[in-house]
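Here's the letter readout for the chains.
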Amino acid sequence: MDLKTLKKTPSWEWPEGTATMLLGILSDDRAEESERLLAAQMAGDFTVMNDELANALLAILRRGDEAEELRCTAAISLGPALEHADTMEFEDPDEDLLSEGAFREVRRSLRKLFQDADVPQDVRRRILEASVRATEEWHEDAVRTAYYSDSEAWRLTAVFCMRFTRGFDEQILEALKSDAQDIYYEAVCAAGAWGVEGAWSHVAALVTTDHTDKHLLLAAIDAAANIRPLEAPEILADLTDSDDEDIVEATFDALAMAELWSSEWEDHNEQDS
């Protein structure tokens, strides 16, 4: 099965040996650039990610003679594995995508590359977006600096990173006033991630207003359950009758999450009383 066919195939149906094939393409300087780019995208999938692929992606990132797009893609593909490792904390070796040693090396390398002024700006942005998914202390200053830069691209990166970095409620609310739709979208996602109360009016309006763009609506549905789980069911109820399967699925997921949060809130109040 060739690479383009694999890309169109659900990753859980990829044949044995796919990780080895991707590794070979990533490591081959003579391979077509388009193939290496596609391999870098696919390498981040949970079904194939391992220490060897992580090392190959890092090798691409470290090389200044590689195309910027390929380096950016290599960085982004490391993000999901970092988040998975940070969340799972290596409690079950059978579930690990990366070994603990590889995880630490990826984190160390990404920080070093981010701090290297010779690395192109777009590559550094993608490195920050990937590395923040396993947050460290240095990220807070990096995200704050990015947010207050004069570059809209860096501001976009910063607001994306606020999904994963605590302590930016004020900036998230400010970003919700942005005319830039991509920044606004990331602000909705970040507000949902941290349950930012001040974002409720924005989220409720997106959910209850007709013709909200689908990707923004899906983000708002998720955010509603996290911000006000007791009120979310009322404003989400009508969406369960949507003709769009993605919207219906997202709504039921959000309603389940709202019920969970509501139960925890009630348990907490009972304990306090």
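Some points on the overall build of the protein
So, point 1. What the protein contains, in helices and strands, is 15 helices and zero strands.
So, point 2. For 273 residues, the compact-globule estimate of 2.2 N^0.38 gives 19 Å, and the protein sits close to it at 20 Å.
So, point 3. Principal-axis analysis of the C-alpha atoms places the extent of the protein at approximately 60 × 45 × 40 Å.
So, point 4. Counting only residues that meet the buried cut, the protein has 45% of its 273 residues in that class.

Observations regarding the pattern of salt bridges
So, point 1. If you walk through the whole model with that rule in mind, you get 20 salt bridges.
So, point 2. The residue Asp29 makes a salt bridge to Arg63 at a minimum N-O spacing of 3.0 Å. Note that Asp29 is positioned in the loop between helix H2 (18-26) and helix H3 (33-43) and Arg63 in the loop between helix H4 (51-62) and helix H5 (68-88), a separation of 34 residues in sequence.
So, point 3. Across the pair Glu105 and Arg108 runs a salt bridge, and its minimum N-O distance is 2.8 Å.

Some remarks on H5
So, point 1. Compared with the 30 Å implied by 1.5 Å per residue over 21 residues, the 31 Å span of H5 between its first and last C-alpha is a close match.
So, point 2. Glu89, located one to two residues past H5, shows a positive phi value of around 60 degrees.

Topic: the layout of surface pockets
So, point 1. In this model, the largest pocket occupies a volume close to 310 Å³.
So, point 2. Lining the largest pocket are 18 residues, with Glu83, Arg163, Phe164, Ala193 and Trp194 positioned closest to its centre.
So, point 3. Looking at the lining of the largest pocket, the elements with two or more residues in it are H5, helix H11 (181-194) and helix H13 (214-227).
So, point 4. The dominant element in the lining of the largest pocket, judged by the number of residues it contributes, is H11, at six residues.
So, point 5. Along the lines of polarity and charge, the residues of the lining of the largest pocket split into nine nonpolar, four polar and five charged.

Considerations on the packing of aromatic side chains
So, point 1. Counting across every chain of the model gives five aromatic pairs.
So, point 2. Taking the centre distance of 5.4 Å and the plane angle of 40 degrees together, the rings of Phe114 and Trp138 count as tilted. Taken together, the residues Phe114 in helix H6 (residues 100-114) and Trp138 in helix H8 (residues 138-147) connect sequence positions 24 residues apart.
So, point 3. Here Phe114 falls in the buried class, since its relative accessible area comes to 8%.
So, point 4. Connected via pairs of aromatic rings, a cluster forms that spans Phe114, Trp138 and Trp154.
So, point 5. Positioned above the aromatic ring of Phe114 is the side chain of Arg124, whose terminal nitrogen or guanidinium carbon lies 4.5 Å from the ring centre.
So, point 6. For the cation-ring pair, Arg155 lies above Tyr147, with the distance from its terminal atom to the ring centre recorded as 4.5 Å.

Thoughts on the packing of H5 against H6
Between two packed helices, what matters for the description is the angle formed by their axes and the separation of those axes.
So, point 1. In the contact formed by H5 and H6, the axes pass within 10 Å of each other and the chain directions differ by 125 degrees. Classified by the interaxial angle, the pair formed by H5 and H6 is oblique. The handedness of the crossing between H5 and H6 is left-handed. Taken together, the residues of H6 that come into contact with H5 (itself represented by Leu78, Leu82, Ala85 and Asp86) are Phe103, Val106, Arg107 and Leu110.
So, point 2. Here the residues of the contact of H5 with H6 sort into six nonpolar, no polar and two charged.

Remarks on the nonpolar core
The nonpolar side chains of a soluble globular protein tend to be buried, and buried together.
So, point 1. Counting residues in each nonpolar core, the largest one holds 94 residues, and the members touching the most others are Leu26, Met49, Leu61, Leu78 and Val188.
So, point 2. Apart from the residues within four sequence positions on either side, Met49 is in contact with Ala43, Gly44, Ala54, Leu57, Ser77, Leu78, Ala81, Leu97 and Leu98.

What about the packing of H4 against H5?
So, point 1. Orientation of H4 relative to H5, taken along the N-to-C sense of each, is 145 degrees, at an axis distance of 8 Å. Every pair of crossing elements has a handedness; the one defined by H4 and H5 is left-handed. Where H4 approaches H5, its residues Ala54, Leu57, Leu58, Ile60, Leu61 and Arg62 are matched on the opposing element by Leu70, Arg71, Ala74, Ala75, Ser77 and Leu78.

Re a negative patch on the surface
So, point 1. A contiguous patch of negative charge, built from Asp86, Glu89, Glu91, Asp92, Asp94 and Glu95, is present on the exposed surface.
So, point 2. Of note, Glu91 is situated in the loop between H5 and H6.

Rules and cut-offs
- Residues numbered from 1 in each chain as written.
- Predicted model: local features only at pLDDT ≥ 70, side-chain atom pairs only at ≥ 80, totals over all residues.
- Heavy atoms only, no water.
- Helix = DSSP H or I, 4+ residues; strand = E, 2+ residues; numbered from the N terminus.
- Rg over C-alpha atoms; globule rule 2.2 N^0.38 Å.
- Buried < 20%, exposed > 50% of the residue type's maximum accessible area, 1.4 Å probe, protein only.
- Salt bridge = Lys/Arg side-chain N within 4 Å of Asp/Glu carboxyl O.
- Expected span 1.5 Å × (residues − 1).
- 1 Å grid on protein atoms, 1.4 Å probe; cavity = no way out; pocket = protein on both sides within 12 Å on 5 of 7 lines; lining within 4 Å.
- Points joined across faces, edges and corners; volume = space filled by probe spheres on them.
- Nonpolar A, V, L, I, M, F, W, Y, C, P; charged D, E, K, R; others polar.
- Phe/Tyr/Trp six-rings, centres within 6.5 Å; stacked < 30°, edge-to-face > 60°.
- Lys NZ or Arg CZ within 6 Å of the ring centre and 35° of its normal.
- Axes fitted to C-alpha atoms, helices over the stretch in contact; angles between N-to-C directions.
- Parallel < 35°, antiparallel > 145°, perpendicular 65-115°, else oblique.
- Left-handed = near helix turned anticlockwise from the far one by under 90°.
- Contact = heavy atoms within 4.5 Å.
- Core = buried A, V, L, I, M, F, W, Y, C linked by side-chain atoms within 4.5 Å.
- Patch = residues over 30% accessible without salt bridge, like charges linked within 9 Å, V, L, I, M, F, W, Y side chains within 5 Å.
- Areas by Shrake-Rupley, 256 points an atom, 1.4 Å probe, with all protein chains shown as cover.
- Lys, Arg positive; Asp, Glu negative; His and termini not counted.
- Charge placed at Lys NZ, Arg CZ, Asp CG, Glu CD.

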